[in-house]
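# Architecture and fold: a report
In case you want the letters, here they are:
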Amino acid sequence: ELFTVSKDKSVHVLTVEEGRLETRFPKAHGSALNCVLPIDNHIFATGDDGGALKVWDLRKGDAILEARQQEEYISAMAVDGNGKILLTASGDGTLGVFNVKRRRFELLSEPQNGDLTSVVLLKRGKKVACGSSEGTIYLFNWDGFGAASDRFALRAESVDCMVPITDSIVCVGSLDGVIRAVNVLPNRVLGCVGQHLGEPIEQLAVAPGGQLLASCAHDQKVKFWDVSALRGLVVDDYRKKKKKGGPLRALSSKAAGSGEDFF
């Protein structure tokens, strides 16, 4: 099944094989919808431009949790392995924590600098990383969402989207069109996985199996990058001295410029 949300405030659930519309919620929210996250076979969450979150149950055909705790748009969502705790990143710089099982709001983090644009779970669910429009990654402990435990400023204009490759390594898309591989704790920029030259990266996704990373940007292209080498990288705590401001190390063969080749 494919879940889509749109500016007209509707949610559609389609079958992938036939493209048939299975379920439609025409006026799901009061504002334009911005993100959707399937939680299990029946439950999914949606966030809108006004900071409202809804959790839906397809068996009931209605929302089982509605909340508006954040002031700005919901940019991204993540859920733990048990489908119990839902995290929402917002344009107001806060991370929201909701309990899906108990259908309630838990807490809001302190506002960080800039919009929070992405949220991923790392270190076997013990750490949460949030990207920001200021180019900083904020880290939270799983049991301490009130305040960030660590922050890591990348030499990037922004962190627009983020996807985990391993328990410690994330790929980060930015306004400058560069996809960086970043290790979290110890915090290092490992290098450049690929780029859409000068075009802001809109979204990143990892294929099942973790071998390929897909990226789409404002150049209206979807590009695929081989990230299998990242799984074998060991990042030492010892930081080697290097020249500041040097070029990023290329981590895939097509990183320099992909031309017209689809892959």
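Residues numbered from 1 in each chain as written. Predicted model: local features only at pLDDT ≥ 70, side-chain atom pairs only at ≥ 80, totals over all residues. Heavy atoms only, no water.

The protein has the name WD repeat-containing protein 55 in an unreviewed UniProt entry, where Aptenodytes forsteri is given as its organism. Under the heading Sequence similarities (unreviewed entry), UniProt records this for the protein: "Belongs to the WD repeat WDR55 family." (UniProt positions renumbered as here; feature names shortened; annotations may be inferred.)

## Structural notes on the overall build of the protein
When helices and strands are counted, the protein shows 0 helices and 22 strands. Relative to the globule expectation of 18 Å for 263 residues, the C-alpha radius of gyration of the protein, 19 Å, shows essentially globular dimensions. In terms of its C-alpha atoms, the protein occupies a principal-axis envelope of roughly 55 × 45 × 30 Å. For the protein, with 263 residues in total, the buried portion stands at 48%. (Helix = DSSP H or I, 4+ residues; strand = E, 2+ residues; numbered from the N terminus. Rg over C-alpha atoms; globule rule 2.2 N^0.38 Å. Buried < 20%, exposed > 50% of the residue type's maximum accessible area, 1.4 Å probe, protein only.)

## Some thoughts on the layout of surface pockets
Reported here for the second largest pocket is a volume of approximately 860 Å³. Of the residues belonging to the lining of the second largest pocket, the class tally is 20 nonpolar, 7 polar and 2 charged. (1 Å grid on protein atoms, 1.4 Å probe; cavity = no way out; pocket = protein on both sides within 12 Å on 5 of 7 lines; lining within 4 Å. Points joined across faces, edges and corners; volume = space filled by probe spheres on them. Nonpolar A, V, L, I, M, F, W, Y, C, P; charged D, E, K, R; others polar.)

## Here we look at the UniProt feature "repeat: WD" (unreviewed entry) in the protein
In this structure's numbering, the residues bearing the UniProt feature "repeat: WD" (unreviewed entry) are residues 201-235. Secondary structure content for residues 201-235 is 0% helix and 49% strand, while the C-alpha to C-alpha distance between its ends is 26 Å.

## Overview of the sheet that holds strand 7 (residues 62-67)
In spatial order, the strands read 4-5-6-7; together these 4 strands make up an open sheet with antiparallel pairing. Among the strands making up the open sheet, the edge pair consists of strand 4 (33-38) and strand 7. Strand-to-strand twist across the sheet, computed as the mean angle between neighbouring axes with direction ignored, equals 20°. Strand direction decides the pairing type here: strand 4 and strand 5 (residues 43-48), joined by 5 bridges, are antiparallel. If you follow valine 36 over to strand 5, its bridge partner there is threonine 46. (Pairing = 2+ DSSP bridges. Axes fitted to C-alpha atoms, helices over the stretch in contact; angles between N-to-C directions.)

## Some thoughts on the pattern of salt bridges
Taken as a whole and assessed by the stated rule, the structure comprises 7 salt bridges. One salt bridge connects aspartate 167 with arginine 124, and the closest N-O pair in it is separated by 3.9 Å. Separated by 43 residues along the polypeptide, aspartate 167 in the loop between strand 16 (161-164) and strand 17 (169-173) and arginine 124 in the loop between strand 12 (116-122) and strand 13 (127-132) bring together distant segments of the chain. The class for aspartate 167 is partly exposed, based on a relative accessible area of 34%. Through salt bridges that share partners, Glu18, Arg20 and Glu22 make up one connected network. (Salt bridge = Lys/Arg side-chain N within 4 Å of Asp/Glu carboxyl O.)

## A closer look at the environment of glycine 83
By the element assignment, glycine 83 lies in the loop between strand 8 (74-79) and strand 9 (85-90). The buried category is assigned to glycine 83, whose relative accessible area is 8%. Sequence-wise, glycine 83 and isoleucine 39 are 44 residues apart; in three dimensions their C-alpha atoms are separated by 6.0 Å. Among residues more than four places away in sequence, those in contact with glycine 83 are Ile39, Val100 and Lys101. (Contact = heavy atoms within 4.5 Å.)

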